[in-house]
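Okay, here's what each chain looks like letter by letter:
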There are 2 protein chains.
Amino acid sequence: MSPMEKRDVFMRRAREQVKAALMSRDMLLLGVTRSIEDLDKVINLLGERLEEWYGIYFPEMRVEDKLKYAQAVLVFDRAQPDMKELAGILGQKKAEELMAQAGGTLGADLGEPDLEQCRSFANSIIGLHKLRERYEKYQDELAGQLCPNMSKVAGPGVAAKLVAHVGSLARLARLPSSTIQVLGAEKALFKHLKNRKIKPPKHGIIFQHPKISGSPKAVRGRIARALAAKITLAAKADAFTKRDISGMLLEGFEKRYNEIMAAYAAEKVKKE
Amino acid sequence: MSPMEKRDVFMRRAREQVKAALMSRDMLLLGVTRSIEDLDKVINLLGERLEEWYGIYFPEMRVEDKLKYAQAVLVFDRAQPDMKELAGILGQKKAEELMAQAGGTLGADLGEPDLEQCRSFANSIIGLHKLRERYEKYQDELAGQLCPNMSKVAGPGVAAKLVAHVGSLARLARLPSSTIQVLGAEKALFKHLKNRKIKPPKHGIIFQHPKISGSPKAVRGRIARALAAKITLAAKADAFTKRDISGMLLEGFEKRYNEIMAAYAAEKVKKE
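Remember, it's a predicted structure, so these values are computed and weren't measured experimentally.

> Can you break down the environment of Tyr135(A) residue by residue, with the values?
Counting through the fold element by element, Tyr135(A) comes out in helix α6 (residues 112–146). Not counting residues up to four positions away in its chain, the partners in contact with Tyr135(A) are Val32(A), Ile36(A), Leu39(A), Trp53(B), Gln117(B), Ser120(B) and Phe121(B). Here Ser120(B) takes part through its side chain, which lies 2.9 Å from a polar atom of the side chain of Tyr135(A).

The structure is reproduced here in structure tokens:
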């Protein structure tokens, strides 16, 4: 082969590799997972701005949930408040509370055009929320296709975040269980590695699994270790063998979880 | 008056003061100006995410303007590209360039459902852009009502940003011209105050005025000083006398601007 021919072969191969990398479903899962993260940031930022802006008109309104706040802005009218609609969003009790405050409000009397501008802001926040919900479904679908075992063991949301965090399923499947356990808690991990007096993190992204976040603090570390072990096996199956072993893994995790909880209950009785 | 009666009087007065503060148009101008700033941030963030996401399908597409990129995502189709629509957004030359690249693209072949998700992202970016445009008009209206002199001398956008930066028109009207000149360049100013070897900033927010940003670097400081002096007088008129003196101020600024430019031209001739 002449050097030029060789060059052509190499170039073609490189192009094919790039194309193959882009082809994989990982990339789509990455795209949507990061978009959801960005949407969360954006909704938060704009939600705070809305509270400041609408606060000119009705500073007494305090609603924890940013989506509900935006929805309430759309239906609320200080002059003729529609009790039924407001109660539908915030619940009867909170709606009554707001109605009582509306009479003696310190807020300014804004004209309809000014309120309209504010409502359009609320509307666009609600729109971003809808987009986020839609993407969450899409993320679950993609995770189910790309890593069915992981999706069943860890839940599609956690599975997608783990893959997005390291960049690809193939890379994730090569990590040890102890690393998967603390993925996403790098800051706390490096603090520990610099100063051994600070305890290492017990869980990173997988904390969002209800069996960990819903358990008492004392057992979360143990449950996280058990779950990470099963996720590691699931990731390997998804990346290499493509066999469905999720039933076995879930059963194993369930068993270990019950053991941990039983041991915890016994410890508690002993202490008392 | 009994202590209780006194208390009631004070409470009533305090409530009235709060209400008066919220009543002023300043607050609305602040709300919309900061919302525009937030929308800029958000559009930028989501625009970058879109480029990464859509890059899976068509990595060769490079468009500087984030709005145009989003619009192009909506109409572009690698299989049957609509040349006319694409040219309408990006111009004939750029559209042809993209068409040529589309044939040998390294991007992955995505199905319609996947592309649809991506397009909905582009769509929401375009929606935020429209909201931003609408708010800019509203901001100009409010600035025209609240500070008509400043709006005419500095332009409504710069006037609104100056008021939003210090929090109220009354506060702005009490600042000296030298402060108004560098409002928004606090970081550079404090660097200079810490280390006198670093030169002080010549302009802050008012740099956005076309007579400053459009002038040669050597004269921008002088023009900024002249403009800041006129804005200071305009702010005082808006806040206190409420008289329209914008004609006189604009004339004075125009005269000073021409003097500066003439002096600059003379200097340049001398050097050569």
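> Tell me about the relation of the copies chain B and chain A, residues and numbers included.
Between chain B and chain A, the superposition needs a rotation of 180 degrees and an axial shift of 0.0 Å, giving an RMSD of 0.1 Å. What we have between these two chains is a two-fold relation. Minimal C-alpha separation from the rotation axis in chain B is found for Val42(B), amounting to 3.0 Å. Here 100% of the interface residues in chain B have copies in chain A that are interface residues too; the copies meet face to matching face.

> How would you summarise the packing of aromatic side chains if you had to cite specific residues and measurements?
Within this structure, the stated rule accounts for 14 aromatic pairs over all chains. Seen in terms of ring centroids, Tyr54(B) and Tyr69(B) are 6.3 Å apart; in terms of plane orientation they differ by 85 degrees. Their pairing is edge-to-face. Residue Tyr54(B) is found in helix α2 (residues 25–54), and its partner Tyr69(B) is found in helix α3 (residues 66–75); the two are separated by 15 residues along the sequence. With respect to burial, Tyr54(B) and Tyr69(B) carry one shared label: buried. Their ring planes at 10 degrees and their centres at 4.9 Å tell us that Phe58(B) and Phe76(B) sit as a pair that is stacked. Taken together, the residues span a long stretch of sequence, with Phe58(B) in the loop between α2 and α3 and Phe76(B) in the loop between α3 and α4 (83–90) at a distance of 18 residues. Both residues of the pair, Phe58(B) and Phe76(B), count as buried. Through pairs of rings, three or more aromatic residues link up here, namely Trp53(A), Phe121(A) and Tyr135(B). Positioned above the aromatic ring of Tyr257(A), the side-chain terminus of Lys211(A) is 4.9 Å from the ring centre.

About the thresholds
- Here the residue numbering is sequential within each chain, running from 1 through the sequence in written order.
- The order in which chains are written sets their letters, starting at A; the order in which ligands are written sets their numbers, starting at 1.
- Totals for whole chains, interfaces and linings use all residues, but because this is a predicted model, local features are given only for residues with pLDDT of at least 70 and pairs of side-chain atoms are given and counted only at 80 or more.
- Heavy atoms from the whole structure form the basis of all side-chain values; hydrogens and water molecules are not counted.
- The way it works is that DSSP assigns letters per residue, a run of H or I at least four long becomes a helix, a run of E at least two long becomes a strand, and they are numbered from the N terminus.
- Contact criterion: two residues are considered in contact whenever any of their non-hydrogen atoms come within 4.5 Å of each other.
- N or O atoms within 3.5 Å of each other form a polar contact, as long as, within protein, one can give a hydrogen and the other can take it, and as long as residues adjacent in sequence are counted only when both atoms are side-chain atoms.
- The copies were overlaid with a least-squares fit restricted to C-alpha atoms from residues scoring a pLDDT of at least 70 in each copy.
- Here the aromatic set is Phe, Tyr and Trp, taking the six-membered ring for Trp, and pairing holds for ring centres within 6.5 Å; pairs whose planes are under 30 degrees apart are stacked, those over 60 apart are edge-to-face, and all others are tilted.
- Note on classification: 1.4 Å probe, protein chains only; a residue is buried when its accessible area is under 20% of the maximum for its type, exposed when over 50%, partly exposed between these limits.
- The rule for a charge over a ring is simple: NZ of Lys or CZ of Arg within 6 Å of the ring centre, and within 35 degrees of the ring normal.

Read these as layout, nothing more, since geometry by itself doesn't imply function.
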